[in-house]
Amino acid sequence: MITAISYAFLQEYWWAIISLLGSLLVFLMFVQGGQSLLYTIGKTEMQRTMLVNTLGRKWEFTFTTLVTFGGAFFASFPLFYATSFGGAYWVWILILFSFILQAVSYEFRSKPANLLGSRVYEIFLIINGLMGTILIGTAVGTFFNGAQFSLNEFNQVHWQTDTRGLEAVLNIHNVSLGLSVFFLTRVLALLYFNNSVDEAEIAERTKKHLWINAVLFLVFFLFFLVVLLVKEGFAVQSETGIVALEKYKYLHNLLEMPLVLVLFLSGVVLVLYGMARDLFRKPGKGIWFAGTGTVLTVFSLFLIAGYNHTCFYPSVFDLQSSLHIRNSSSSEFTLTVMSWVSLLVPFVIAYIWYAWRSINNKKIDRKEMEAGGHKY
Amino acid sequence: MFESIDFSLVDWSRAQFALTAMYHWLFVPLTLGTTFIIAIMETIYVKTGKPEWKKMTKFWMTLFGINFAIGVATGIILEFEFGTNWSNYSWFVGDIFGAPLAIEGIMAFFLESTFIAVMFFGWNKVSPKFHLLSSWLVAIGANLSALWILVANAWMQSPVGTTFNPETARNEMTSFWEVLFSPVAINKFLHTITSGFVLSALFVIGISAWFLLRRRHVVLARKSILVAAIFGVVSSLALIGTGDGSAKQVAKLQPMKLAAMEGLYNGSEGVGLIAIGAFKSTSAEQNEKLKDLAFKIEIPKFLSFLAYGKWNAFVPGVNDLINGNPERGILPVAEKMKRGKQAIEKLSAYKDARNANDENLSASLLSELTDPAYQENYFRYLGYGHIQDSNFLIPNIPLVFYSFHLMVALGFLFVLIFILSLWWVIKGKLETKRWFLYTALFMIPLAYLASELGWVVAELGRQPWVIQDLMPTTTAVSRISTTSVQITFGLFAVIFTTLLLAEVKIMLKQIKIGPKDEGGKQS
């Protein structure tokens, strides 16, 4: 079956897988959003414990999705992996650093004799909540705005700035995406709290902060979107492989790929509906609409970054060094092998869904926290 | 082909990767084995319904959870350091190396991370059988994770199932099955996971021994020792078997590593296995003078037999491998360097011809480059073309030698510990052997030491190669400022050490608290 498929299709298929993993990662970063709200929503020790525990049962999904996202990028588009990670060194190191802090904080926080004290681990979680979301969003912003690198004839990267990727924060469009991701993950976290925590005070505070974060998300996202649709994009000519700037490239991509446009608009509507549902109706189910909407929106943004003859990792220093799905992918053989493996993805999603429901079939409450079972 | 790289950058990048890997490997082996021990204990609980087995399962699960989190934290850094610090390598091998890494994520990490939540939080939320299944799936997921990364590591030690593509200047996979089922990969996987099983069994026995010494949780301790000792006997015998298999592969594919492991400078027929040996000089002097060990006690002809299955087989030493041995068909390194340089020049000429749009010349050079005879006689020495000094190809022999011998000695000691533990626990005499209980407790740090030494042998023994014969560390490294790597090295050293101290402190406290009854009360 797969052996009969063309190399070009495989490259597109794997860009779709990367896009799917990226979009799932943004959704699952509600864990990071929730961590950043620890002291905003949890005013007492017990409330913070409830929040940490409801997030803690999901943190490994986010973490694993991040690892798989990185692994899949390495496997399918290794030139991006080598270029971005080896070039934008400091951005990735800071992101990773924040994830080290997260991984131990859940398990260590409530354990006696934990060396640093519970509060330090909570601060670690907040650091990860802030840095993880804003920096990942800002780094993805370079997919649309480019980075300062060149590649030699052996595809070795030469980064052109001493700040090694940190210069991305000087671009307001990158930062607006970073802040959009930050506030979106906070919105998703608040919706998740509504869905999974049974505590009146938390519910009250959640509603108030949902308003604030939803408005801030919309401001930054609209700014990002408007600029994206009117800006020049990095187009690659399919016959020659030459990269050139094209006006309204990303708007053209949306219009020239109607299915992606439909997915994008559906995603945005679902995010808005999810927020509105918890704000104006009985809170609890909004996470599923906003979560699905997030996946669809981010998925379509990744698609317009990589499809339709577009460079997904442009170089503003040397346009011809820009990466697109044709010049940065693994070989046809490797993509074929991995495509067979990717058939397992629905099965993986199915068992995650089953396990998620098994654990979340009852909301977390004080009683459970006081019961003495395993807790974070 | 590749620009010259500042050695201090390579050294710091290696140091950072080694730091991360060694910290990571402090936590992974315990995960590999305790997950199975926990699953076995829970199976007994589900079968018998006896609450003490549930209590036991939960106690070891608590210790596993503390250890697991920090293993995850160090693991993510390792994955991304391939890109951040070894970007040239990432491109060169991404087509092969990336696939196992992605499969690891899809098949193993999700299995582990999904069911670990059920394992910890599902006791009263899912049926006992589903909970048990989750525990087994965590054990399988953890060990599957190890499979894929070890397949990738094995490929670096013995590149198979791939071909070099001059067009893209990288290695590309031609047979997934050859990569997955290479004998090196199979041995490496089995040897590594069984080493984790052994460490875990010693961990369980050591802590249980401490309970017996303190006369606390006696029933739990006895039963835990019984399970762990059986698990340990089986695992340690498998560990020795797979170790032998690994050494045979090293003899065949990485003779310099074997020479370093055995401190063998001058090869001969019927070489003895060093039981005890010592060097007189430092590593640098040793590499310069290429002299044999200052003192040794050996088992005659045994190395020849173990490595090649013949008592009189020839085993090459460092001198043979560096200076060549025409009688044995071993090329001198100088010749390999010449051929490697020629391959690099031809590749550069091909790239120039392509850039100049000289189709005739580029087609002719491409044809030469892809010719099987040229690949076999020249391209296989590509990595040697980057080497300036043949001494660079000699690893730190004293370090590899001592690490290997200490690791092997400890491995045999562990077998003895398991057999004695099992014998005395079955006979009901373990509590009377207080000296043995202290010894068992002392085995915990030794198990960690042996485990780390294994990686020292595997990775330092193959220096300077990132990919055997194809890519040395000097060409694999990312071009970052040395200062940046020094800063991140310091950053990681501080954070990993702090978290390790926290982990040990938490673990000791939990051991002191001991197993809890239902409802979380200390029993």
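The structure presented is a predicted model; accordingly, all values stated were derived computationally and were not measured.

**Quick look at the overall build of chain A**
Along the backbone of chain A there are 16 helices and four strands. Since a compact globule built from 376 residues should have a radius of gyration of about 21 Å, the 21 Å found for chain A is in line with a globular shape. Taking the principal axes of its C-alpha atoms as reference, chain A extends roughly 65 × 45 × 45 Å. Looking at chain A as a whole, 57% of its 376 residues are labelled buried. Once local pairs closer than 6 in sequence are excluded, the contacts in chain A between residues at least 24 apart make up 77%.

**As for the overall build of chain B**
Helices and strands together make up the secondary structure of chain B, namely 18 helices and eight strands. Judged by the C-alpha coordinates and their principal axes, chain B covers about 80 × 50 × 40 Å. Looking at the 523 residues of chain B, the share that counts as buried comes to 52%. The long-range share in chain B, meaning contacts at least 24 apart out of those at least 6 apart in sequence, stands at 77%.

**Regarding the packing of helix α10 (residues 200-230) of chain A against helix α12 (residues 258-280) of chain A**
Residue and element names in this part refer to chain A. Their axes nearest at 10 Å, the elements α10 and α12 cross at an angle of 150 degrees. Between α10 and α12, the angle is such that the two are roughly antiparallel. Crossing angle aside, the handedness with which α10 passes α12 is left-handed. Packed against α10, whose contacting residues are Lys207, Leu210, Trp211 and Ala214, the element α12 presents Met275, Asp278 and Leu279 at the interface. Broken down by class, the residue content of the contact of α10 with α12 amounts to five nonpolar, no polar and two charged.

**A short note on unusual backbone geometry**
Note the cis peptide between Gln463 of chain B and Pro464 of chain B, where omega equals 10 degrees. Tracing the chain through its elements places Pro464 of chain B in the loop between α16 (434-460) and β7 (465-467). Positive phi values are uncommon outside glycine, yet Asn308 of chain A reaches one of about 60 degrees. Along the chain, the position of Asn308 of chain A falls in the loop between α13 (286-306) and α14 (332-342). Take Asn308 of chain A: there are 19 C-beta atoms within 10 Å of it, and that puts it in the partly exposed class. With a phi close to 70 degrees, Asp469 of chain B is a non-glycine residue in the positive phi region. Among the secondary structure elements, Asp469 of chain B is positioned in the loop between β7 and β8 (471-472). Given 17 C-beta atoms within 10 Å, Asp469 of chain B falls into the partly exposed group.

**Concerning the nonpolar core**
In this structure, Val187 and Leu188 of chain A together with Val151 of chain B are the most contacted members of the largest nonpolar core, which totals 294 residues. Ranked by the residues each element gives to this core, the list is headed by helix α3 (residues 87-121) of chain B, at 23 residues. Aside from chain neighbours lying at most four places away, what touches Leu188 of chain A is Phe27, Phe30, Gly33, Ile287, Ala290, Gly291 and Thr294 of chain A.

**A few points about the interface of chain B and chain A**
At the interface, 64 residues of chain B touch 62 residues of chain A. Per-element accounting of the side of chain B that touches chain A gives the leading share, 25 residues, to α3 of chain B. Here the residues of the side of chain B that touches chain A are counted per class, giving 36 nonpolar, 18 polar and 10 charged.

**Focus: the environment of Ser321 of chain A**
All names here are of chain A. Take Ser321: it is sitting in the loop between α13 and α14. Separated by 144 residues in the primary sequence, Ser321 and Leu177 have C-alpha atoms spaced 24 Å apart. With residues near it in sequence (within four places) discarded, Ser321 still touches Phe149, Ser150, Leu151 and Ser315.

How each quantity is defined
- Residues numbered from 1 in each chain as written.
- Chains lettered and ligands numbered in written order.
- Predicted model: local features only at pLDDT ≥ 70, side-chain atom pairs only at ≥ 80, totals over all residues.
- Helix = DSSP H or I, 4+ residues; strand = E, 2+ residues; numbered from the N terminus.
- Rg over C-alpha atoms; globule rule 2.2 N^0.38 Å.
- Buried ≥ 20, exposed ≤ 12 C-beta atoms within 10 Å, placed from the backbone.
- Contact = placed C-beta atoms within 7 Å.
- Axes fitted to C-alpha atoms, helices over the stretch in contact; angles between N-to-C directions.
- Parallel < 35°, antiparallel > 145°, perpendicular 65-115°, else oblique.
- Left-handed = near helix turned anticlockwise from the far one by under 90°.
- Nonpolar A, V, L, I, M, F, W, Y, C, P; charged D, E, K, R; others polar.
- Core = buried A, V, L, I, M, F, W, Y, C linked by C-beta atoms within 7 Å.

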